[in-house]
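The chain contents come next:
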2 protein chains.
Amino acid sequence: MSKLLQDVVGELSKLPGVGRRTALRLAIHILRMEPESVGEMTRSIDRFRNDIKHCARCNNLSDEEICPVCADRERDHTTICVVEQVADVLSIENTHQYKGLYHVLGGVISPMQGIAPSDLKIDLLCDRIAQGGVKEVILAISTSVEGETTLFYLMSRLRHYPGVKITSIARGIGFGDELEYVDELTITHALLNRREVE
Amino acid sequence: MSKLLQDVVGELSKLPGVGRRTALRLAIHILRMEPESVGEMTRSIDRFRNDIKHCARCNNLSDEEICPVCADRERDHTTICVVEQVADVLSIENTHQYKGLYHVLGGVISPMQGIAPSDLKIDLLCDRIAQGGVKEVILAISTSVEGETTLFYLMSRLRHYPGVKITSIARGIGFGDELEYVDELTITHALLNRREVE
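All values derive from a computational prediction rather than experimental measurement.

**Q** Summarise the relation of the copies chain B and chain A; cite the residues concerned and give the values.
**A** One copy of the chain maps onto the other through a rotation about an axis plus a displacement along that axis. Rotating chain B by 180 degrees about the axis while translating it 0.0 Å along that axis superimposes it on chain A, leaving an RMSD of 0.0 Å. Read as a symmetry element, the transformation amounts to a two-fold axis. Every residue of chain B has its C-alpha some distance from the rotation axis, and the shortest such distance is that of Thr-42 of chain B, at 2.6 Å. A symmetric contact is evident, with 100% of the interface residues of chain B recurring at the interface of chain A.

Here you go:
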């Protein structure tokens, strides 16, 4: 087997969800791409890895010291939505419904994986709130055991800021989900939090 | 959304089987990799795309003018196994059972996709056989309509070389395949080509 092919397959196999077979398919595809197009791709990967920053305010990925969301005066600076990771910000932004700011924790508390509260950007969040002007903090944390632990820890910390409303995103049956396949905990939540039909 | 992130997601989305969601997951993973490790990966992709050659004899991918298989005097130079693509060579090499040479056509004849016999390395194969020394040509072409067309075309061309045995790989029920889920054509083939149990 060609050493160049072997190298590229080995390197691509390091990516998550990419086994040797997929890596080989990707390599064959790369071979069919224009060299300039491949160069653009690899340069964008290098630039991304080397030049990306974390926003000094919300910890989201950013090209600048302060991310476009935090820098946008049009957005509602009185509301902060707390999420685990960068991908969550994008999911929420894609709805085009939320006009407030974000705060990216960078994970959830997990004693099993050795992730303590101090490993997350919780102090940074408290600093932001302490500066004043924040009216509501929305906790959009996943419902895993680690997520719930993080939620409770956050609530214990955020309780110390009077005048700041703490909310959590609604749990319930997703649109398109069939009740038959939804877990009991979610159904229980959905029943308890039922709303009168208007 | 960060421009750098947007760029890398856009570029990675160009790869087959990589949608925007997967591209984002890959980007987040790249962010967690060491910068040197990312550099190694991108350099290996660039080197692969820019420096890889096709073996002048068998058309397989190669770092040199002649690939390691064709250059290997230990291998059986009297047998050539004809395959569609580079990945097929690797599949056969992985069995460690075949000691002959290869010939990579670079595709199959497909009038629908505008791939004519002249677009494949068929003349190169004939040249190799015309040089003499070849005793057997094994056709390991897929059983698709295009594959069968290619097979018949190859047989019509290879007929002109007396003393060269033309064989095709066996069709039948794969190991681990359940008869229940195997198509009729394969079962028919497997029945017609049944062997006495020794």
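**Q** Tell me about the packing of helix H1 (residues 3-12) of chain A against helix H2 (residues 20-32) of chain A, and please be specific about residues and values.
**A** Residue and element names in this part refer to chain A. Running from N to C, H1 and H2 cross one another at 125 degrees; their axes reach a closest spacing of 8 Å. The orientation of H1 relative to H2 falls into the category oblique. Crossing of H1 over H2 shows right-handed handedness. Residue-level contacts link Leu-5, Val-8, Val-9 and Leu-12 of H1 to Arg-20, Ala-23, Leu-24, Leu-26, Ala-27 and Ile-30 of H2. Here the residues of the contact of H1 with H2 sort into nine nonpolar, no polar and one charged.

**Q** Tell me about the packing of helix H3 (residues 35-51) of chain A against helix H2 (residues 20-32) of chain B, residues and numbers included.
**A** Their axes nearest at 9 Å, the elements H3 of chain A and H2 of chain B cross at an angle of 55 degrees. When the interaxial angle is binned, H3 of chain A and H2 of chain B end up oblique. Between H3 of chain A and H2 of chain B lies a crossing of right-handed hand. Residues Ile-45, Phe-48 and Arg-49 of chain A of H3 of chain A pack against Ala-27, Ile-30 and Leu-31 of chain B of H2 of chain B.

**Q** Mind laying out the sheet that holds strand S3 (residues 76-83) of chain A, listing which residues take part and the relevant values?
**A** Residues and elements named next belong to chain A. Within the open sheet, the four strands sit side by side as S4-S3-S5-S6. Their pairing is parallel. The open sheet has two edge strands, strand S4 (100-104) and strand S6 (165-168), and neither has a second partner. Across the sheet, the axes of successive neighbouring strands diverge by a mean angle of 25 degrees, strand direction being ignored. One ladder, built from four bridges, connects strand S5 (residues 136-140) with S6; its direction is parallel. Following the sheet pairing, Ile-138 is matched in S6 by Thr-167. Running over the sheet, helix H6 (residues 122-130) touches S3, S4 and S5 and is turned about 150 degrees from S4. Against the sheet, helix H7 (residues 145-158) touches S3, S5 and S6, its axis set at about 170 degrees to S5.

**Q** Give a detailed account of empty space enclosed by the protein, specifying residues and quantitative values.
**A** Enumeration according to the criterion identifies one cavity of 30 Å³ or more in this entry. For the largest cavity, the calculated volume is near 40 Å³. Every residue lining the largest cavity is listed: Leu-12, Leu-15, Met-41 and Ile-45 of chain A together with Leu-12, Leu-15, Ile-30, Met-41 and Ile-45 of chain B. Within the residue set of the lining of the largest cavity, elements represented by two or more residues are H3 of chain A together with helix H3 (35-51) of chain B.

**Q** Tell me about the layout of surface pockets, and please be specific about residues and values.
**A** When its volume is computed, the largest pocket comes out at roughly 720 Å³. Lining of the largest pocket is provided by 20 residues; of these, Ile-169, Ala-170, Arg-171, Gly-172 and His-189 of chain A occupy positions nearest its centre. Sorting the residues of the lining of the largest pocket by element identifies H7 and helix H8 (184-192) of chain A as the ones contributing at least two each. For the lining of the largest pocket, the element with the most residues is H8 of chain A, which contributes four residues. Roughly 580 Å³ of volume is contained in the second largest pocket. Ala-170, Arg-171, Gly-172, Thr-186 and His-189 of chain B are the residues nearest the centre of the second largest pocket, which is lined by 16 residues in total. Counting residues per element, the ones that place at least two in the lining of the second largest pocket are helix H7 (145-158) and helix H8 (184-192) of chain B.

**Q** I'd like a rundown of a nonpolar patch on the surface, residues and numbers included.
**A** On the surface, Phe-152, Met-155 and Ile-166 of chain B cluster together into a nonpolar patch covering about 260 Å² of accessible area. Secondary-structure assignment places Phe-152 of chain B in helix H7.

**Q** Describe the confidence of the model for chain A, listing the residues and the values that go with them.
**A** Chain-level statistics for chain A give a pLDDT mean of 92 and a share of 99% at 70 or above. As scored by the predictor, the complex reaches a pTM of 0.76 and an ipTM of 0.78.

**Q** Give a detailed account of the interface of chain B and chain A, specifying residues and quantitative values.
**A** Contacts between chain B and chain A engage 45 residues on the former and 45 residues on the latter. With both chains or domains summed, chain B and chain A bury close to 4,400 Å², and 72% of this area falls on carbon and sulfur atoms. Together, Leu-4, Phe-48 and Arg-49 of chain B form the three largest contributors to the area buried by chain B at its contact with chain A, with a combined 16%. There are 15 residue pairs in polar contact (both at pLDDT 80 or more) connecting chain B and chain A. For the side of chain B that touches chain A, the leading source of residues is H3 of chain B, giving 15 residues. Classifying every residue of the side of chain B that touches chain A by side-chain character gives 24 nonpolar, nine polar and 12 charged.

About the cut-offs
- Residues numbered from 1 in each chain as written.
- Chains lettered and ligands numbered in written order.
- Predicted model: local features only at pLDDT ≥ 70, side-chain atom pairs only at ≥ 80, totals over all residues.
- Heavy atoms only, no water.
- Least-squares fit on C-alpha atoms with pLDDT ≥ 70 in both.
- Contact = heavy atoms within 4.5 Å.
- Axes fitted to C-alpha atoms, helices over the stretch in contact; angles between N-to-C directions.
- Helix = DSSP H or I, 4+ residues; strand = E, 2+ residues; numbered from the N terminus.
- Parallel < 35°, antiparallel > 145°, perpendicular 65-115°, else oblique.
- Left-handed = near helix turned anticlockwise from the far one by under 90°.
- Nonpolar A, V, L, I, M, F, W, Y, C, P; charged D, E, K, R; others polar.
- Pairing = 2+ DSSP bridges.
- 1 Å grid on protein atoms, 1.4 Å probe; cavity = no way out; pocket = protein on both sides within 12 Å on 5 of 7 lines; lining within 4 Å.
- Points joined across faces, edges and corners; volume = space filled by probe spheres on them.
- Patch = residues over 30% accessible without salt bridge, like charges linked within 9 Å, V, L, I, M, F, W, Y side chains within 5 Å.
- Areas by Shrake-Rupley, 256 points an atom, 1.4 Å probe, with all protein chains shown as cover.
- Salt bridge = Lys/Arg side-chain N within 4 Å of Asp/Glu carboxyl O.
- pLDDT = per-residue confidence, 0-100.
- Buried area = accessible area lost by both parts, 1.4 Å probe.
- Polar contact = N/O pair within 3.5 Å; in protein donor to acceptor, adjacent residues only side chain to side chain.

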